[in-house]
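Listed below are the residues making up each chain.
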2 protein chains.
Amino acid sequence: MSLPNEQDPDEIALPDIGKLTGSLAQRVYEALRTAILAMDLPPGTILRKQLICEQLGVSRSPVTEAITRLAGEGLVEVVPQSGSRVTKFSMSEIHEGAFLREAIELAAVAKVAAERTEEQLSELTRNLRLQALCLEDNDEAGFYREDQRMHELIFSFTGYPKLNTLAAAGWLQVNRARQLLLPIRGRAQEAYEEHKVIIEAIRARDPEKARRAMRKHLSRLVTRLEPLIESRPDLFD
Amino acid sequence: MSLPNEQDPDEIALPDIGKLTGSLAQRVYEALRTAILAMDLPPGTILRKQLICEQLGVSRSPVTEAITRLAGEGLVEVVPQSGSRVTKFSMSEIHEGAFLREAIELAAVAKVAAERTEEQLSELTRNLRLQALCLEDNDEAGFYREDQRMHELIFSFTGYPKLNTLAAAGWLQVNRARQLLLPIRGRAQEAYEEHKVIIEAIRARDPEKARRAMRKHLSRLVTRLEPLIESRPDLFD
DNA sequence: CTGTGTCAACTAACATGTTAGCATTCCAAA
DNA sequence: TTTGGAATGCTAACATGTTAGTTGACACAG
């Protein structure tokens, strides 16, 4: 296998690692992960351990561990005895991630709809009101944050802590690709309406309705990603 | 956090790594994983890097990487600056793994039922006939192998290669705990009947029926694990 | 007997030296 | 011009030395 050097800048844009906490390996991991997801390290970028070491002021050990973990998540490809680079997008991986996410989240929302407590319901409706507030203020970023929060709430209400982690792992490629999309006018409002239906189904303790509503909600994004393979073929393999 | 040394044998039963292929880290990983899943390293066992290094004749690097990977799978706990040990069972983790597996496999079997080709169907029915043969011969091990194979086939027919990996990861704790159960007489026959229903649903291209049949099939095992927490409390935390 | 502080032994985490495999380059021969 | 192969420069993989934090035993005071 080969590693054609698509580009090799002498400087890489990496967040400062001093502000993070935890072990060095953990901090390096987060720094690289953030940079990859923000497309500061675009797909195809070759990762030079030595360069990263110098720039962050650490030795190769924590950098190696960080890259190993990123490879486990599918964000980095390691070619034995040769090199590592940021993975390109692959439409089939995106579809697989979306399928996985859908499988997990549909099961989660059905379980929550069946077993929810009053407390959980009021936390969800409170979150929904926050979303409405963000919409009124045209606060796109805030809406995105609360959107994400709603999904996390649903996962946490299942009582299964690792579910959110795994769903996020599957969703990772989708999220990375989403950075390339411009926000569509009116999409937030549309998403809000879909959220309302989901939470209404949870309120009514109707698992099947919750599943249907969630499925509809999730299917939106992937279809919007399809055109990317035409407009940015350099990012796919 | 503490690491009370539940037991510290001078010798650990580890498979020879000479017969395996791939990098040293990979071989050490497989050796440890096999030993843990076979309960040769029971829950609570403290892993001494140095000892493992000496016994396998390798340095600490590949052993460290192997343990890191096992920690990522949840088979090993690492206490910072202190030590590592084989994780004990936790009924909530088992439930979570089963939930995850169910979510993924129900989605998979529904997709396969909806989209299956004639070729795929005949591969499944061929597998089913193999199962019947094993039953006739009272070949429990063979039946278990073909059982597993059937689930792998279903995953692979979705066209999503990582699905099987993730479902297996979720199922890991369940499988480990299953080692403790004695095979129940007649269970294989029962499982075979359930498999027949699943494949019949796939033949009929009936996703909903396939889901129901698969759900019934999967739910069997977890309930059988429940009593373990009473009979072997030392393995739980 | 009980709680507390010191200290020794152990560990993971980190740093760094070494080895070996792959790819690219470039030059020479056909 | 093309091909093939030796040399070079890169890398991951592995080995090993160093550092610093945690545990747990033991002595000692209350």
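All of these numbers come straight from a predicted model, not from anything done at the bench. (Residues numbered from 1 in each chain as written. Chains lettered and ligands numbered in written order. Predicted model: local features only at pLDDT ≥ 70, side-chain atom pairs only at ≥ 80, totals over all residues. Heavy atoms only, no water.)

1. A word on the pattern of salt bridges
Residue and element names in this part refer to chain A.
- Within the structure shown, the criterion is met by 31 salt bridges over all chains.
- Residue Glu-77 is joined to Arg-85 by a salt bridge in which the shortest nitrogen-to-oxygen separation is 3.6 Å.
- Of the residues examined, Glu-77 reaches a relative accessible area of 36% and is grouped as partly exposed.
- In this structure, a network of salt bridges that share partners links the residues Arg-187, Glu-190, Glu-194 and Arg-220. (Salt bridge = Lys/Arg side-chain N within 4 Å of Asp/Glu carboxyl O. Buried < 20%, exposed > 50% of the residue type's maximum accessible area, 1.4 Å probe, protein only.)

2. What to know about the packing of helix 2 (residues 49-56) of chain B against helix 3 (residues 60-73) of chain B
Residues and elements named next belong to chain B.
- Between helix 2 and helix 3, whose axes approach to 9 Å, the crossing angle comes to 120 degrees. Here helix 2 is positioned oblique relative to helix 3, judged by the angle of their axes. Relative to helix 3, the crossing made by helix 2 is right-handed. The segment helix 2 lies against helix 3, with Lys-49, Ile-52 and Cys-53 engaging Arg-60, Val-63, Thr-64 and Ile-67. (Axes fitted to C-alpha atoms, helices over the stretch in contact; angles between N-to-C directions. Helix = DSSP H or I, 4+ residues; strand = E, 2+ residues; numbered from the N terminus. Parallel < 35°, antiparallel > 145°, perpendicular 65-115°, else oblique. Left-handed = near helix turned anticlockwise from the far one by under 90°. Contact = heavy atoms within 4.5 Å.)

3. Observations concerning the interface of chain B and chain A
- In this complex, chain B contributes 18 residues to the contact, which on the side of chain A involves 18 residues.
- Of all residues in chain B, B:Glu96, B:Phe99 and B:Tyr160 bury the most surface against chain A, accounting for 39% of the area lost on that side.
- On the surface where chain B and chain A come into contact, there are zero salt bridges.
- Counting the contacts that link chain B with chain A gives four residue pairs in polar contact (both at pLDDT 80 or more).
- Elements that contribute at least two residues to the side of chain B that touches chain A include exactly helix 4 (91-115) and helix 7 (161-178) of chain B.
- Ranked by residue count, the leading element in the side of chain B that touches chain A is helix 4 of chain B, at eleven residues.
- Class assignment of the residues belonging to the side of chain B that touches chain A gives a composition of ten nonpolar, three polar and five charged. (Buried area = accessible area lost by both parts, 1.4 Å probe. Polar contact = N/O pair within 3.5 Å; in protein donor to acceptor, adjacent residues only side chain to side chain. Nonpolar A, V, L, I, M, F, W, Y, C, P; charged D, E, K, R; others polar.)

4. What about unusual backbone geometry?
Residue and element names in this part refer to chain B.
- A positive phi is found at Met-39, a non-glycine position, where the angle reads about 65 degrees.
- Looking at the secondary structure, you find Met-39 in the loop between helix 1 (24-37) and strand 1 (46-47).
- Classification of Met-39 by relative accessible area gives buried; the value is 18%.
- Even without being a glycine, Gln-81 presents a positive backbone phi close to 60 degrees.
- Following the sequence through the fold, Gln-81 ends up in the loop between strand 2 (76-79) and strand 3 (83-86).
- Among the residues examined, Gln-81 registers a relative accessible area of 84% and is labelled exposed.

5. A short note on the side chain of B:Lys88
- Position of B:Lys88 relative to the elements: it lies in the loop between strand 3 and helix 4.
- In this structure the side chain of B:Lys88 is engaged in a polar contact, spanning 3.1 Å, whose partner is the backbone oxygen of B:Asp234.

6. A few points about a negative patch on the surface
- Together, A:Glu136, A:Asp137, A:Asp139 and A:Glu140 make up a negatively charged patch on the protein surface.
- You can see A:Asp137 is positioned in the loop between helix 5 (118-136) and helix 6 (140-157). (Patch = residues over 30% accessible without salt bridge, like charges linked within 9 Å, V, L, I, M, F, W, Y side chains within 5 Å. Areas by Shrake-Rupley, 256 points an atom, 1.4 Å probe, with all protein chains shown as cover. Lys, Arg positive; Asp, Glu negative; His and termini not counted. Charge placed at Lys NZ, Arg CZ, Asp CG, Glu CD.)

7. A few points about the UniProt feature "domain: HTH gntR-type" (unreviewed entry) in chain A
- Look at the UniProt record and you will see "domain: HTH gntR-type" (unreviewed entry) annotated at residues 22-89 of chain A.
- The span residues 22-89 of chain A is 53% helix and 15% strand, and its two end C-alpha atoms sit 30 Å from each other. (UniProt positions renumbered as here; feature names shortened; annotations may be inferred.)

8. Describing the packing of helix 6 (residues 140-157) of chain B against helix 8 (residues 187-203) of chain B
Residues and elements named next belong to chain B.
- The geometry of helix 6 relative to helix 8 is characterised by a closest axis approach of 12 Å and an angle of 25 degrees between their N-to-C directions. On the basis of their axis angle, the class for helix 6 and helix 8 is roughly parallel. As for the relative orientation of helix 6 and helix 8, their crossing is left-handed in sense. Of the residues in helix 8, those touching helix 6 at Glu-140, Phe-143, Asp-147, Met-150, His-151 and Ile-154 are Ala-188, Ala-191, Tyr-192, His-195, Ile-198, Ile-199 and Ile-202.
- Looking at the contact of helix 6 with helix 8 residue by residue, the class counts come to nine nonpolar, two polar and two charged.

9. Focus: the confidence of the model for chain A
- Averaged over every residue, the pLDDT of chain A is 88; residues scoring 70 or more account for 93%.
- Looking across chain A, the model is least confident in helix 2 (residues 49-56) of chain A, with a mean pLDDT of 87, and most confident in helix 5 of chain A, with 96. (pLDDT = per-residue confidence, 0-100.)

10. Looking at the environment of B:Leu70
All names here are of chain B.
- Tracing the sequence through the fold places Leu-70 in helix 3.
- Classification of Leu-70 as buried rests on a relative accessible area of 0%.
- Sequence separation between Leu-70 and Ile-36 is 34 residues, and the spatial gap between their C-alpha atoms is 9.9 Å.
- Excluding residues within four positions of it along the chain, Leu-70 makes contact with Tyr-29, Leu-32, Arg-33, Ile-36, Leu-75 and Val-76.

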